[in-house]
Amino acid sequence: MSTARDVARAVVRIPRDFDARGDVSFHTLLLESGYADQHDTVDVRMIEDVLRADPEFVTDWLQYSESKRSSAGWYFRKGAPSRWEVGYIGTEANKQASSYRERVAACADFIKKEVEAIRGS
Amino acid sequence: MSSHLYGGTLGGSLMPRRSFLGFRVTSMLMMAALLLAVASIPSAHAAAGVDSFDVSMWEYDDTGSLSRPPGARSPTLARTELPSMHCPGASFAPSLNSLVPRRGQTVLGKFPDYLNLADDLGARRFNIPQDVWARMTKAEQWTANRKFLDRMIRRGDDIILSNPVKNVNEVTGAFRQELDYLIQQGFRLSDDGTRLLR
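Residues numbered from 1 in each chain as written. Chains lettered and ligands numbered in written order. Predicted model: local features only at pLDDT ≥ 70, side-chain atom pairs only at ≥ 80, totals over all residues. Heavy atoms only, no water.

Enquirer: Hey, could you go over the pairing of strand β4 (residues 158-161) of chain B for me, with residue numbers and the actual values?
Expert: Along any regular strand, the residues point their side chains to alternate faces of the sheet. Pairing between strand β3 (residues 105-108) of chain B and β4 of chain B: four bridges, direction parallel. Among the inter-strand pairings, L108 of chain B is bridged to a residue of β4 of chain B, identified as L161 of chain B. (Pairing = 2+ DSSP bridges. Helix = DSSP H or I, 4+ residues; strand = E, 2+ residues; numbered from the N terminus.)

Enquirer: How would you sum up the interface of chain A and chain B? Please name residues and give values.
Expert: Taken together, the contacts link 28 residues of chain A with 29 residues of chain B. Here K138 of chain B ties to D19 of chain A by a salt bridge, and the two come within 2.9 Å at their closest N and O atoms. Inspection of the region where chain A meets chain B yields 14 residue pairs in polar contact (both at pLDDT 80 or more). Where the side of chain A that touches chain B is concerned, the elements lending two or more residues are α2 (14-21), α3 (26-33), α6 (57-66), β1 (73-78) and α7 (103-119) of chain A. Top contributing element to the side of chain A that touches chain B by residue count: β1 of chain A, with four residues. (Contact = heavy atoms within 4.5 Å. Salt bridge = Lys/Arg side-chain N within 4 Å of Asp/Glu carboxyl O. Polar contact = N/O pair within 3.5 Å; in protein donor to acceptor, adjacent residues only side chain to side chain.)

Enquirer: Go over α3 of chain A, please, and point to the residues and values.
Expert: Residues and elements named next belong to chain A. Among the eight residues that make up α3, six are buried, leaving the element largely enclosed by the rest of the structure. Burial in α3 covers these residues: F26, H27, T28, L29, L30 and S33. Close packing links the buried residues of α3 with α1 (4-12), α2, α4 (35-38), α6 and α7. Two residues or fewer after α3 comes G34, characterised by a positive phi angle close to 85°. (Buried < 20%, exposed > 50% of the residue type's maximum accessible area, 1.4 Å probe, protein only.)

Enquirer: An account of the environment of D119 of chain B is needed here, citing residue identities and associated values.
Expert: Residues and elements named next belong to chain B. Turning to its location among the elements, D119 is positioned in helix α4 (residues 113-121). Accessibility expressed as a relative area gives 44% for D119, which makes it partly exposed. Sequence separation between D119 and N169 is 50 residues, and the spatial gap between their C-alpha atoms is 28 Å.

Enquirer: Give a detailed account of the pattern of salt bridges, specifying residues and quantitative values.
Expert: Residues and elements named next belong to chain A. Going through the model one piece at a time under the given rule, you end up with 19 salt bridges over all chains. Its salt-bridge partner being E85, residue R77 comes within 3.3 Å of it at the nearest N-O pair. Classification of R77 by relative accessible area gives partly exposed; the value is 21%. Notably, a salt bridge pairs R119 with E116, separated by 2.9 Å at the nearest N-O pair.

Enquirer: Please set out the sheet that holds β1 of chain A residue by residue, giving values where relevant.
Expert: Residue and element names in this part refer to chain A. The three strands are arranged β1-β2-β3 in an open sheet whose pairing can be described as antiparallel. Across the chains shown, the open sheet's two edge strands, defined by having one partner strand only, are β1 and β3 (96-100). Averaged over all pairs of adjacent strands, the angle between strand axes in this sheet comes to 15°, irrespective of strand direction. α7 rests against β1, β2 (84-89) and β3 of the sheet, and its axis sits at about 165° to β1. (Axes fitted to C-alpha atoms, helices over the stretch in contact; angles between N-to-C directions.)

Enquirer: Account for the environment of Q177 of chain B, naming residues and giving values.
Expert: Residues and elements named next belong to chain B. Its place among the elements puts Q177 in helix α7 (residues 173-184). Residue Q177 is classed as partly exposed on the basis of its relative accessible area of 33%. For the pair Q177 and R146, spaced 31 residues apart in sequence, the C-alpha separation works out to 9.5 Å.

Everything listed is a geometric property; what it means functionally is a separate question.
If you want it as structure tokens, here you go:
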């Protein structure tokens, strides 16, 4: 049985594994990570801890976000100078965005929102 | 009127060609088929647990959005045939005629910038429902994207970049893949990096 931290590590690796394997969807990788069983335990703080240990994964998530071609969803991008933005694009009514000074914190927030959105889809 | 207009996938042989009633029934069938196709878009595959796609079967509407995922049981309507259909009393004919692809503008770039700019300009953009996108492999995503780009090229759209590009080598991800493909097809960056020109 994977620990919650193992699951968080597997979740953080998803964009890298998605690119490397090529024959598997994000949705399948999320299922393989075990996140569905641990989604209550794997919170933003735990994801942030994993990212701080391996901050190069932040770049993977930035590229993952900018490569999305969905009609709606969460995004993570560089905002104003020295700011990072996590937001949602959809209809006018549900657009929202948050600004962060620190990119690891922003990335962790984005990851949690993104995997929750896909888990619930 | 040429017979092929009624010999398509709707089974035109079921009705007399010149019957007024026949035209109306055909029209209603076509409308029902269109509504069925649109209604089944959002999560047909998610609901079925499908995690593999034959993107060659996909169709897109005139904004670039996915309009018919594989498996949607709807007849294929050849858009170029629609303007020629003579349907007395069929009030929807003009709106079907407006689906014929026209040259226009397409926006490419990074998510979500390209969506925002396309909305502002009323331009086409490539996008797929998130639940479907997340269930596609990298290869399937690119196949769908390339199909959209090929249609854009055939229409001769103006190509606008939501994120100006000075040096293609500094671009990453799907946007880089789109730029590389279009450059292979004979396009080049405009001097200010906001467009692709031929």
